[in-house]
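Residues per chain are reported as follows:
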Amino acid sequence: MNTISIDFQKFIDWDNSPFILFSAQGKILYLNNAAEILFGYVSKKELYDLALSYAPQSFGYKTTTLTLNYDSFSFYAITVGYEDEEYISIRFYNAPRTKSATPIERDKLVTTDINLLLEANIALFKTKNNNALQLLTDPDIPAFKIDQNRFSKLLRKTLDAFRSSDSIHITLKLLVGEHVIISGQKKPIVQLSVSANGRYNDSDEEIKTLATQSHITALLKERTIKLEIPLIQD
């Protein structure tokens, strides 16, 4: 069989599945673009320890089905492999995002400056609460289409979950390199993150419902609520 010398690195770089090559001492020797984003949410040591835990007993590779969640990243399996004692690799398989059963009601979508809509709802929150609040937004996020009424209700419920927190931190940013499929098309993701030293969870189910109805992914944790909003412009 004829062999052709091909540099496969670019193909790995373009892969949406994170891939990392470690040395035997846990040093990162190579990682693709997806893995670089993943390291914003999980430590090098944790992933190196994961690779060691699921490595095959002898040279070769082993694929293990399991559920892993790191912030907005969800994986259903990993492959760990090594050919000698010097290197070990780990590849993650992205879990498919859950599709909302609710069709997009395009007649209700209005082109919106999300920064202005967020500031308006924060101002409303401040009329009833005097919590210290820090806001960091990206003014370069373009206007996009959203159901303003439903999203404002979602914002109010989200902010209200932090009504007794000493200090609230809010960030709004575009998630670089990430997307969601809406009506068969890739859409960028805008992430709104609200965090504090604690929060109420009495409205969690309502927050999840409102988010699902708007094709927004809600990530609810003990001290944080993150909303991943599809950037729809057409």
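None of these values were measured; they are calculated from a predicted model.

Draft legend 1. Inspection of the environment of Asn 33 at higher detail. Topologically, Asn 33 is positioned in helix α2 (residues 33-38). Distance from Asn 33 to Ile 12, taken between C-alpha atoms, is 8.6 Å for residues 21 residues apart in sequence.

Draft legend 2. Seen up close, unusual backbone geometry. Of note in the backbone geometry, His 215 takes a positive phi value of approximately 60° without being a glycine. Among the secondary structure elements, His 215 is positioned in the loop between α6 (204-213) and β11 (217-220). Accessibility expressed as a relative area gives 18% for His 215, which makes it buried.

Draft legend 3. The arrangement of the sheet that holds strand β1 (residues 19-23) in detail. Here five strands make up an open sheet; going across it, the order is β2-β1-β5-β4-β3 and the pairing antiparallel. Sheet topology places β2 (28-31) and β3 (60-70) at the edges, where each strand pairs with a single neighbour. The mean angle between the axes of side-by-side strands here comes to 20°, regardless of whether they run parallel or antiparallel. Across the sheet, helix α3 (residues 44-53) is in contact with β1, β2, β3, β4 (73-82) and β5 (87-94); its angle to β5 comes to roughly 100°.

Draft legend 4. How the structure looks around helix α4 (residues 114-126). With 13 residues, α4 extends 18 Å between its outermost C-alpha atoms, agreeing within 8% with the 18 Å of an ideal straight helix rising 1.5 Å per residue. Taken as a whole, α4 has its buried residues at Ile 114, Asn 115, Leu 117, Leu 118, Asn 121, Ile 122 and Phe 125. Projected down its long axis, α4 shows its buried positions confined to an angular sector of 165°, all on one face. Two or three places before Asn 115, at the start of α4, stands the capping residue Asp 113, its side-chain oxygen 3.0 Å from that residue's backbone nitrogen.

Draft legend 5. Region of interest: the packing of helix α5 (residues 148-160) against α6. Here α5 crosses α6 at 155°, and the two axes come no closer than 10 Å. Taken together, α5 and α6 sit at an angle that is classed as roughly antiparallel. Handedness of the α5/α6 crossing: left-handed. Across the interface between the two elements, Arg 150, Lys 153, Leu 154, Lys 157 and Thr 158 from α5 touch Glu 206, Ile 207, Leu 210, Ala 211 and Gln 213 from α6. Tallied by class, residues from the contact of α5 with α6 come to four nonpolar, two polar and four charged.

The rules behind these values
Each chain has its residues counted from 1, running along the sequence as written. Per-residue local features are limited, in this predicted model, to residues with pLDDT of at least 70; the limit for side-chain atom pairs, both in listing and counting, is 80 or more; totals at the level of whole chains, interfaces and linings are taken over all residues. Only heavy atoms go into the side-chain values, all of them from the structure, while hydrogens and water stay out. Helix and strand assignments come from DSSP, with helices taken as H or I runs of at least 4 residues and strands as E runs of at least 2, each series counted from the N terminus. The buried label applies to any residue whose accessible area, calculated with a 1.4 Å probe on protein chains only, is under 20% of its type's maximum; exposed applies above 50%, and partly exposed to all values in between. When DSSP finds at least two bridges between two strands, those strands are taken to pair. The axes are straight lines fitted to the C-alpha atoms, using for helices just the contacting stretch, and the angles between their N-to-C directions are given from 0 to 180°. Residues are treated as being in contact if the distance between any of their heavy atoms lies within 4.5 Å. Every helix has an expected span of 1.5 Å times one less than the residues it contains. As used here, the arc belongs to the directions running from the helix axis to the C-beta atoms. Two N or O atoms form a polar contact when they lie within 3.5 Å of each other; inside protein one atom must be a possible hydrogen donor and the other a possible acceptor, and for residues adjacent in sequence the pair counts only when both atoms belong to side chains. Here the word oblique covers every angle except those under 35 degrees (roughly parallel), over 145 (roughly antiparallel) and from 65 to 115 (roughly perpendicular). We call a crossing left-handed when the near helix sits turned anticlockwise from the far one by less than a right angle, and right-handed when that turn is clockwise. Asp, Glu, Lys and Arg are counted as charged, while Ala, Val, Leu, Ile, Met, Phe, Trp, Tyr, Cys and Pro are counted as nonpolar; the rest, among them Gly, fall into the polar class.

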